[in-house]
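# Report on the structure
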Amino acid sequence: MTDRLFSSNAAAIVPDGAIAAATLVIMRPADAGGPDELLMVKRSENMAFAAGAVVFPGGRVDPDDHCVARRHGFVEGDADGAARVAALRETLEETGLAVGWPSLSDKDSDTVRRALLNGALLSDILDSRGDRIALDLLVPFARWCPNFKESRTFDTRFYAVAAPEHSQELSVEEVEHSHIFWASARDTLGMADRGDVSVIFPTRRNLERIAKEPKFDDFSRHAGGFPIDLVTPWIEERGGRMHLCIPDHLGYPVTAEPFERVRRS
């Protein structure tokens, strides 16, 4: 994976102070067939970043995520390994869904979730249980680092994964989120177009990409056919209008949107 790409005749680099983060696209077959459903959460209205927006589960990488990654075979400082851990940990904290942790029962997942939310370290929990997490289940497919002056800058790695079997009812962590639901990428885009939900620019672009290959196995193959270069959107005039743009070689069906229509954060 590289930290550089060339687009619009300029090199994109990770800005100083960017916060390492990870997000997880969890895909499950729909009961009625058709496109897979994705687990989506709505951020609370009082959040500093993406307030009220519908997003994929995820969050920032913590120092302990690096420790867990090392214990699972990743080298010291491996950003991908730590991001994989963060994606699984944040998903459990935010939704109650234990991804990549087959030895964790539905009953125990609630106990572990509460422990994490109360400040326990994932590395300590894994040690006490003698468990390992399956970081290799995650399929990496994108890395975004929007750099808008009006919001904090996150260097976010995107992963997809097949939803595990579970019987418990999922629920949001209420400090950061207000709602949780399953919907296909196509249906979520439809909700956004009708004004029923709000999505920020990176979420919309990735929903459009998933909607083109809406089954997990197909999307995984699609993801493997494109490089994972850093995506830092830029502003460009096209046809007399300012657009927010992304590179056109990374598998995204839509690579520009009129700037006045974009929700950036």
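Attention in this report is confined to the structure presented alongside it. (Residues numbered from 1 in each chain as written. Predicted model: local features only at pLDDT ≥ 70, side-chain atom pairs only at ≥ 80, totals over all residues. Heavy atoms only, no water.)

Once that is clear, we can look at the packing of helix H2 (residues 79-95) against helix H3 (residues 106-117). Where H2 contacts H3, the axes come no closer than 9 Å and their chain directions differ by 100°. When the axes of H2 and H3 are compared, the pair comes out roughly perpendicular. For the pair H2 and H3, contact is made by Arg-89, Leu-92, Glu-93, Glu-94 and Thr-95 and by Ser-109, Val-112, Arg-113, Leu-116 and Leu-117, respectively. Grouping the constituent residues of the contact of H2 with H3 by class yields 4 nonpolar, 2 polar and 4 charged. (Axes fitted to C-alpha atoms, helices over the stretch in contact; angles between N-to-C directions. Helix = DSSP H or I, 4+ residues; strand = E, 2+ residues; numbered from the N terminus. Parallel < 35°, antiparallel > 145°, perpendicular 65-115°, else oblique. Contact = heavy atoms within 4.5 Å. Nonpolar A, V, L, I, M, F, W, Y, C, P; charged D, E, K, R; others polar.)

Overall, antiparallel pairing links the 3 strands, which are arranged E11-E12-E13 in an open sheet. Only two strands of the sheet have a single partner each, and these edge strands are strand E11 (234-238) and strand E13 (256-258). Across the sheet, the axes of successive neighbouring strands diverge by a mean angle of 40°, strand direction being ignored. Pairing between E11 and strand E12 (residues 241-245): 5 bridges, direction antiparallel. Bridging from a neighbouring strand, Arg-238 pairs with Arg-241 of E12. (Pairing = 2+ DSSP bridges.)

In terms of burial, strand E7 (residues 139-144) is a largely internal element, 5 of the 6 residues being buried. Two elements, E7 and strand E8 (residues 154-162), share 5 bridges in a ladder whose sense is antiparallel. Bridged to Ala-142 within E8 is Phe-158. Relative to strand E10 (residues 230-231), E7 runs parallel, the two sharing 2 bridges. Each bridged residue has a counterpart across the sheet, and for Trp-144 the counterpart in E10 is Val-231. (Buried < 20%, exposed > 50% of the residue type's maximum accessible area, 1.4 Å probe, protein only.)

Summed over the entire model, instances satisfying the criterion amount to 4 aromatic pairs. Taking the centre distance of 5.9 Å and the plane angle of 65° together, the rings of Phe-141 and Phe-158 count as edge-to-face. A residue pair is termed long-range when its members are at least 10 positions apart, and Phe-141 in strand E7 and Phe-158 in strand E8 qualify at 17 residues. Relative to Tyr-252, the ring of Trp-144 lies with its centre 5.7 Å away and its plane at 85°, an arrangement referred to as edge-to-face. (Phe/Tyr/Trp six-rings, centres within 6.5 Å; stacked < 30°, edge-to-face > 60°.)

Our next topic: the side chain of Ser-109. Within the element layout of this structure, Ser-109 appears in helix H3. Among the residues examined, Ser-109 registers a relative accessible area of 3% and is labelled buried. Beyond its immediate stretch of four places on either side in the chain, Ser-109 contacts Leu-92, Gly-96, Ala-98, Leu-104 and Gln-168.

Attention shifts here to the nonpolar core. One recurring pattern in soluble globular proteins is that nonpolar side chains are buried together. In terms of nonpolar packing, the biggest core is built from 36 residues, with Leu-24, Ile-26, Trp-101, Leu-122 and Ile-133 touching the most fellow members. Elements represented by at least two residues in this core include exactly strand E3 (19-28), strand E4 (37-43), helix H1 (63-71), H2, H3, helix H4 (122-129), E8 and strand E9 (177-183). Excluding residues that lie within four positions of it along the chain, Trp-101 makes contacts with Leu-92, Val-112, Leu-122, Ile-125, Leu-126, Arg-129, Asp-131, Arg-132 and Ile-133. Core analysis: the next-biggest nonpolar cluster, separate from the first, contains 33 residues, Val-25, Trp-144, Phe-181 and Phe-219 among them. (Core = buried A, V, L, I, M, F, W, Y, C linked by side-chain atoms within 4.5 Å.)

Attention now goes to helix H5 (residues 185-194). Owing to its 3.6 residues per turn, the α-helix aligns residues three or four sequence positions apart on the same side. For H5, the complete set of buried residues consists of Ala-185, Thr-188, Leu-189, Gly-190, Met-191 and Ala-192. Residue Gly-195 follows H5 closely and has a positive phi angle near 85°.

Any functional reading would require information that these geometric values do not contain.
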